[in-house]
Amino acid sequence: QWFSHHNVILVRGEHEPEYFPATANSPAKIQFAHGFFNSALHEISHWCIAGAKRRTQADLGYWYAPDGRSESEQALFEKVEIKPQAIEWALSAAAGFDFNVSVDNLNGEQTCRFSFQKRVQAQVFELLEKGFNIRTEQLLKALSDFYKTPWPLTEAQFDWQCPEEFLDAV
């Protein structure tokens, strides 16, 4: 319902998540995977940061190499995913939902997910300090109101510590 004034709908998909831009006859569509709440929040986070031009492109114009990425492809994936996953974490907190980063490369070069989560956490802290864009801020507030979670968001809500046995990798 919150999305209707943005000419976009959120729908459950049966397969991979995808974004479909608006047409003359239908609103834009954010399709999330298999009914998973975290998939919906992740796809919404990409939409929240996409500018007007990107919202006219299929999948918001994002580059995506499928599972099985090389080390360099994975490094690029993680670089472009830091901000969307930081926003996803904020959306999760506003909804009172647990968050887990996704390195999304089960069949490729393995990286330390804890190192990635630490970078995502740093991005969350930066966004809390500098502020979210207006669409993200409005959605965060709407989720917080609906789920009756603390508002405004604070760093304490993102108090994550790397497991001690992985500190050297971070």
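Here is a short report on the structure shown in this document. (Residues numbered from 1 in each chain as written. Predicted model: local features only at pLDDT ≥ 70, side-chain atom pairs only at ≥ 80, totals over all residues. Heavy atoms only, no water.)

### What to know about the pattern of salt bridges
Line of reasoning, step 1. Taken as a whole and assessed by the stated rule, the structure comprises three salt bridges.
Line of reasoning, step 2. The closest approach of N and O atoms between Asp-145 and Lys-141, which form a salt bridge, is 2.6 Å. Of the two residues, Asp-145 and Lys-141 both sit in helix H4 (residues 134-147), four residues apart, roughly one turn of that helix.
Line of reasoning, step 3. Given a relative accessible area of 40%, Asp-145 falls into the partly exposed group. (Salt bridge = Lys/Arg side-chain N within 4 Å of Asp/Glu carboxyl O. Helix = DSSP H or I, 4+ residues; strand = E, 2+ residues; numbered from the N terminus. Buried < 20%, exposed > 50% of the residue type's maximum accessible area, 1.4 Å probe, protein only.)

### Observations regarding helix H3 (residues 113-130)
Line of reasoning, step 1. With 18 residues, H3 should reach 26 Å at 1.5 Å per residue; the first-to-last C-alpha distance of 26 Å fits that figure.
Line of reasoning, step 2. Taken residue by residue, H3 has Phe-114, Ser-115, Phe-116, Gln-117, Val-120, Gln-121, Gln-123, Val-124 and Leu-127 as its buried positions.
Line of reasoning, step 3. Taken from the residues just after H3, Gly-131 is the one with a positive phi, measuring 105°. (Expected span 1.5 Å × (residues − 1).)

### Brief notes about unusual backbone geometry
Line of reasoning, step 1. In the segment running from Trp-151 into Pro-152, the intervening peptide bond is cis, with an omega of 0°.
Line of reasoning, step 2. With respect to the helices, strands and loops of the structure, Pro-152 is situated in the segment after H4.
Line of reasoning, step 3. Phi at Lys-148 takes a positive value of approximately 60°, unusual for a residue other than glycine.
Line of reasoning, step 4. Relative to the helices and strands, Lys-148 is located in the segment after H4.
Line of reasoning, step 5. Judged by its relative accessible area of 72%, Lys-148 falls in the exposed class.

### Observations regarding a nonpolar patch on the surface
Line of reasoning, step 1. Together, Phe-37, Phe-97, Phe-146 and Tyr-147 give the surface a local cluster of nonpolar side chains, amounting to about 400 Å² of exposed area.
Line of reasoning, step 2. Looking at Phe-97, the relative accessible area reads 35%, which means it is partly exposed. (Patch = residues over 30% accessible without salt bridge, like charges linked within 9 Å, V, L, I, M, F, W, Y side chains within 5 Å. Areas by Shrake-Rupley, 256 points an atom, 1.4 Å probe, with all protein chains shown as cover.)

### A few points about the side chain of Gln-123
Line of reasoning, step 1. Tracing the backbone through its elements, the reader meets Gln-123 in helix H3.
Line of reasoning, step 2. According to the relative accessible area criterion, Gln-123 is buried, its value standing at 17%.
Line of reasoning, step 3. Those residues in contact with Gln-123 that lie beyond four places of it in its chain are Ile-82, Lys-83 and Ala-86. (Contact = heavy atoms within 4.5 Å.)

### Focus on the layout of surface pockets
Line of reasoning, step 1. Reported here for the second largest pocket is a volume of approximately 400 Å³.
Line of reasoning, step 2. Taken together, 19 residues make up the lining of the second largest pocket; nearest its centre are Gln-1, Trp-2, Phe-3, Leu-10 and Leu-143.
Line of reasoning, step 3. Put simply, the parts of the chain that give the lining of the second largest pocket at least two residues each are strand E1 (8-13), helix H1 (37-49) and H4.
Line of reasoning, step 4. Residue contributions to the lining of the second largest pocket peak at five residues, all from H4.
Line of reasoning, step 5. Here the residues of the lining of the second largest pocket are counted per class, giving 16 nonpolar, three polar and no charged. (1 Å grid on protein atoms, 1.4 Å probe; cavity = no way out; pocket = protein on both sides within 12 Å on 5 of 7 lines; lining within 4 Å. Points joined across faces, edges and corners; volume = space filled by probe spheres on them. Nonpolar A, V, L, I, M, F, W, Y, C, P; charged D, E, K, R; others polar.)

### Here's the deal with the sheet that holds E1
Line of reasoning, step 1. Ordered in space as E1-E3-E2, the three strands form an open sheet in which the pairing is mixed. The outermost strands of the open sheet, each flanked by one partner alone, are E1 and strand E2 (18-20). Going across the sheet, the axis of each strand differs from the next one's by a mean of 20°, ignoring polarity.
Line of reasoning, step 2. In terms of strand pairing, E2 meets strand E3 (residues 28-33) through three bridges, oriented antiparallel. Pairing of Phe-20 across the sheet is with Lys-29, part of E3.
Line of reasoning, step 3. Sitting on the sheet, H1 is in contact with E1, E2 and E3, with an inclination near 145° to E3. (Pairing = 2+ DSSP bridges. Axes fitted to C-alpha atoms, helices over the stretch in contact; angles between N-to-C directions.)

Function-wise, these values are silent; they only describe arrangement.
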